[in-house]
Amino acid sequence: QVQLAESGGGLVQPGGSLRLSCAASGATFRRGAVGWFRQAPGKEREFVSAFKASDASTHYAEFAKGRFTLSRNNARDTAYLQMNSLKPEDTAVYYCSYGTGLITSTLRNGAAYTYWGQGTQVTVSS
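Given the structure is predicted, the values throughout are model-derived calculations rather than measurements. (Residues numbered from 1 in each chain as written. Predicted model: local features only at pLDDT ≥ 70, side-chain atom pairs only at ≥ 80, totals over all residues. Heavy atoms only, no water.)

Draft legend 1. Structural detail: the pattern of salt bridges. For the structure on display, the rule yields 5 salt bridges. With a closest N to O distance of 3.7 Å, Arg-30 and Asp-77 form a salt bridge. With Arg-30 in the loop between strand S3 (18-25) and strand S4 (33-39) and Asp-77 in the loop between strand S7 (68-73) and strand S8 (78-83), this pair connects stretches of sequence that are 47 residues apart. Judged by relative accessible area, Asp-77 falls into the buried class, the value being 12%. Among the salt bridges present, the one from Glu-62 reaches Lys-65, with a minimum N-O distance of 3.5 Å. (Salt bridge = Lys/Arg side-chain N within 4 Å of Asp/Glu carboxyl O. Helix = DSSP H or I, 4+ residues; strand = E, 2+ residues; numbered from the N terminus. Buried < 20%, exposed > 50% of the residue type's maximum accessible area, 1.4 Å probe, protein only.)

Draft legend 2. Here's a closer look at the side chain of Asp-77. Within the local environment of Asp-77, its side chain forms a polar contact with the side chain of Thr-28, the two groups lying 3.1 Å apart. Setting aside chain neighbours within four positions, we find Asp-77 in contact with Cys-22, Ala-23, Ala-24, Ala-27, Thr-28, Phe-29 and Arg-30. (Polar contact = N/O pair within 3.5 Å; in protein donor to acceptor, adjacent residues only side chain to side chain. Contact = heavy atoms within 4.5 Å.)

Draft legend 3. Up close: the packing of aromatic side chains. A complete count under the given rule lists 6 aromatic pairs for this structure. Seen from their ring centres, Phe-37 and Tyr-113 are 5.4 Å apart, and the 75° between their planes marks the pair as edge-to-face. Taken together, the positions of Phe-37 in strand S4 and Tyr-113 in the loop between strand S9 (92-99) and strand S10 (115-116) put the pair 76 residues apart, joining distant regions of the chain. The burial state of Phe-37 is the same as that of Tyr-113; both residues are buried. (Phe/Tyr/Trp six-rings, centres within 6.5 Å; stacked < 30°, edge-to-face > 60°.)

Draft legend 4. Main features of the state of the cysteines. On inspection of all chains with the given rule, the structure shows 1 disulfide. Here Cys-22 is linked by a disulfide to Cys-96, with a sulfur-sulfur distance of 2.0 Å. Taking the torsion about the sulfur-sulfur bond, which here is approximately -75°, the covalent link between Cys-22 and Cys-96 counts as left-handed. Linking Cys-22 in strand S3 with Cys-96 in strand S9, this pair joins segments that are 74 residues apart in sequence. Residue class for Cys-96 comes out buried when judged on its relative accessible area of 0%. (Disulfide = S-S within 2.5 Å.)

Draft legend 5. Here's a closer look at the nonpolar core. By size, the foremost hydrophobic cluster in this structure holds 29 residues, and its most contacted members are Leu-4, Phe-29, Trp-36, Phe-68, Leu-81, Met-83 and Tyr-94. Broken down by secondary-structure element, the contributors of at least two residues to this core are S3, S4, strand S5 (46-52), S7, S8, S9 and strand S11 (120-124). Non-local contacts of Leu-4, meaning those with residues more than four positions away in its chain, are made with Cys-22, Ala-23, Ala-24, Phe-29, Cys-96, Ser-97, Tyr-98, Tyr-115, Trp-116, Gly-117 and Gln-118. With 8 residues, the next largest nonpolar core counts Ala-50, Leu-102, Leu-107 and Tyr-113 among its residues. (Core = buried A, V, L, I, M, F, W, Y, C linked by side-chain atoms within 4.5 Å.)

Structure follows, in structure tokens:
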């Protein structure tokens, strides 16, 4: 079965950077879509970024534009989320997800993804 494993989270000061990784087993990011979501304490899960392989399109939440970058290693089925200029409000558990058959209009909807990693904690604080 498909398994996703996130890593790279940790504690960082405001304005700092962090790179998250998502390694896939039993799936290929050369097909379908890979997404990043986050959930802060007391808040709903929210979309961060996604990549759709069929048209090689990358999508970002408004808060992520200009600060976060999604990339991937095609040979290793690994996705990354480079986060720069981090703010305290970025503090959350970040999740990697994967699904097939998604259309562009549903990429921002977590319910459209079939598989999820266990998450990695990102804390932005002085």
